[in-house]
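Architecture and fold: a report
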Amino acid sequence: MEIPDKDASQPTNTPQNKQIPKKSWTKANCHASRDIFYQCFYSNEGREEPCKSELEKMFADCPMSWAKFYKGKAKATHHVGEMDKLADRINGNIGSPLAKNKEGASGGDAAAG
């Protein structure tokens, strides 16, 4: 009885011959999807719900680790921006008459000095 030769085109389960799946994403597509998600996310004041389709597309077009990183970065950046706005309000730097008075006072001191 003859033993059939193993077909060279058929991969084996050994680590050396394990098939590597084709890369189905490109950097350009991933970055484009990321940018579309960011635009939606920031225009919706950091709310993820209105951007579900953009988020799904980003996860489809990017490696999982990249997509998770981009999503976390968007949330963190939005959070930091909100904290900056709050700090400015507390310090009287946004939209308060106090901020205008500080500018006027410093301008007057410079002219007098």
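To keep things clear, this report deals only with the structure shown in the data block. (Residues numbered from 1 in each chain as written. Predicted model: local features only at pLDDT ≥ 70, side-chain atom pairs only at ≥ 80, totals over all residues. Heavy atoms only, no water.)

1. Section: the nonpolar core
- Core analysis: the biggest nonpolar cluster contains 12 residues, these being Cys30, Phe37, Tyr38, Cys40, Phe41, Cys51, Leu55, Met58, Cys62, Ala67, Tyr70 and Ala74.
- Counting only elements with at least two residues in this core, the list comes to α1 (27-43), α2 (52-61) and α3 (64-90).
- The element contributing the most residues to this core is α1, with five residues.
- Excluding anything up to four places from it in sequence, Tyr70 contacts Cys30, His31, Arg34, Tyr38, Met58 and Cys62. (Core = buried A, V, L, I, M, F, W, Y, C linked by side-chain atoms within 4.5 Å. Buried < 20%, exposed > 50% of the residue type's maximum accessible area, 1.4 Å probe, protein only. Helix = DSSP H or I, 4+ residues; strand = E, 2+ residues; numbered from the N terminus. Contact = heavy atoms within 4.5 Å.)

2. With respect to the state of the cysteines
- Applying the stated criterion to the full structure yields two disulfides.
- In this model Cys40 forms its disulfide with Cys51; the gap between the sulfur atoms is 2.0 Å. In this structure the cystine formed by Cys40 and Cys51 twists about its S-S bond by roughly -95 degrees; its chirality is therefore left-handed. One end of the pair, Cys40, is in helix α1; the other, Cys51, is in the loop between α1 and α2, with 11 residues separating them in the sequence. Of the two residues examined, Cys40 and Cys51, each falls in the buried class. (Disulfide = S-S within 2.5 Å.)

3. A look at α3
- The first and last C-alpha atoms of α3 sit 39 Å apart over 27 residues, in line with the 39 Å expected at 1.5 Å per residue.
- Among all positions in α3, only Ala67, Tyr70, Ala74 and His78 are buried.
- At its buried positions, α3 is contacted by α1 and α2. (Expected span 1.5 Å × (residues − 1).)

4. Section: α1
- With 17 residues, α1 should reach 24 Å at 1.5 Å per residue; the first-to-last C-alpha distance of 24 Å fits that figure.
- Turning to α1, its buried residues number three or more, namely Cys30, Ser33, Arg34, Phe37, Tyr38, Cys40 and Phe41. With its buried residues spanning 165 degrees around the axis, α1 presents them on a single face. Residues of α1 that are exposed and point over 90 degrees away from its buried face: Ala28, Gln39 and Ser43.
- Of the surrounding secondary structure, the elements contacted by the buried residues of α1 are α2 and α3.
- Note on α1: the residue one or two positions beyond its end, Glu45, has a positive phi of about 55 degrees. (Arc of directions from axis to C-beta.)

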